[in-house]
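Per-entry structural report
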Amino acid sequence: TKETGKPAVASGNCDKPSLPSDKVEMGRNCKIVTEVAQNGNDFTWTQHFPGGHTTTNTFTIGKEADMETMGGKKFKATVKMEDGKIVADFPNYRHTAEICGGKLVEISTASGVVYKRTSKRIA
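Conventions we followed
- Residues numbered from 1 in each chain as written.
- Predicted model: local features only at pLDDT ≥ 70, side-chain atom pairs only at ≥ 80, totals over all residues.
- Heavy atoms only, no water.
- Pairing = 2+ DSSP bridges.
- Helix = DSSP H or I, 4+ residues; strand = E, 2+ residues; numbered from the N terminus.
- 1 Å grid on protein atoms, 1.4 Å probe; cavity = no way out; pocket = protein on both sides within 12 Å on 5 of 7 lines; lining within 4 Å.
- Points joined across faces, edges and corners; volume = space filled by probe spheres on them.
- Nonpolar A, V, L, I, M, F, W, Y, C, P; charged D, E, K, R; others polar.
- Salt bridge = Lys/Arg side-chain N within 4 Å of Asp/Glu carboxyl O.
- Buried < 20%, exposed > 50% of the residue type's maximum accessible area, 1.4 Å probe, protein only.
- pLDDT = per-residue confidence, 0-100.
- Contact = heavy atoms within 4.5 Å.

Pairing analysis gives four bridges linking strand β9 (residues 85-89) to strand β10 (residues 94-100), with the strands arranged antiparallel. Bridge pairing links Ala88 to His95 in β10. Between β9 and β10, which pair antiparallel in sequence order, lie four residues. In terms of strand pairing, β10 meets strand β11 (residues 103-110) through seven bridges, oriented antiparallel. Considered in β11, the bridge of Arg94 is made with Thr109. In this structure, the hairpin formed by β10 and β11 is closed by a connection of two residues, where Gly101 is found at a positive phi of approximately 60°.

Take empty space enclosed by the protein next. Here the structure, examined in full by the defined rule, presents one cavity of 30 Å³ or more. Lining the largest cavity we find Lys85, Thr96, Ala97, Glu98, Val105 and Ile107. Counting residues per element, the lining of the largest cavity draws most heavily on β10, which supplies three residues. Along the lines of polarity and charge, the residues of the lining of the largest cavity split into three nonpolar, one polar and two charged.

A few words on the pattern of salt bridges. A complete count under the given rule lists eight salt bridges for this structure. Note that Lys80 is salt-bridged to Asp89, the shortest N-O span being 3.4 Å. The class for Asp89 is partly exposed, based on a relative accessible area of 34%. We note a salt bridge from Lys85 to Glu98, for which the minimum N-O separation is 3.8 Å. Here Lys85, found in strand β9, pairs with Glu98, found in strand β10; they are 13 residues apart in sequence, far enough to count as distant. The exposure class of Lys85 is partly exposed, given its relative accessible area of 29%. Put simply, Lys80, Glu82, Asp89 and Arg94 are held in one network by salt bridges that share partners.

On to the confidence of the model for the chain, then. On average, residues of the chain carry a pLDDT of 79, and 75% of them reach 70 or more. Looking over the chain, one finds the lowest element-wise mean pLDDT in strand β2 (residues 7-14), namely 41, and the highest in strand β8 (residues 80-82), namely 95. In the predicted structure, residues 1-18 sits below a pLDDT of 50 and forms 63 contacts with residues beyond four places in sequence or in another chain.

Here Trp45 is to be found in strand β4 (residues 42-48). Apart from residues no more than four positions distant in its own chain, Trp45 is found in contact with Thr34, Glu35, Val36, Thr55, Thr56, Asn57, Phe59, Ile86, Ala97, Leu104 and Glu106.

Shown next, in the form of structure tokens:
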């Protein structure tokens, strides 16, 4: 089955209060549109950031793929499926994503800081 969604950020939380409040607020206010196209184990994951920057990663679950961070750093990674979640280990952080209650829930963890972004489907 092929599923294509275009969720938009509905909310974001940073659970590490030691971050400066302006950084937490910037994360909450950053509206990112994520497009996910799935065909079996093949995914195309595109994120559209404010200001026109777009990052697209294409990968197959369990196979090494060329990836790019939102900052433009290129690397190789094997995206896995763990307990129904897509899991990617980026150079400086771990990212998980799952559909939960019809919403895209993404969690990024770096240096003990956890950022959770929940997106609602818009298309």
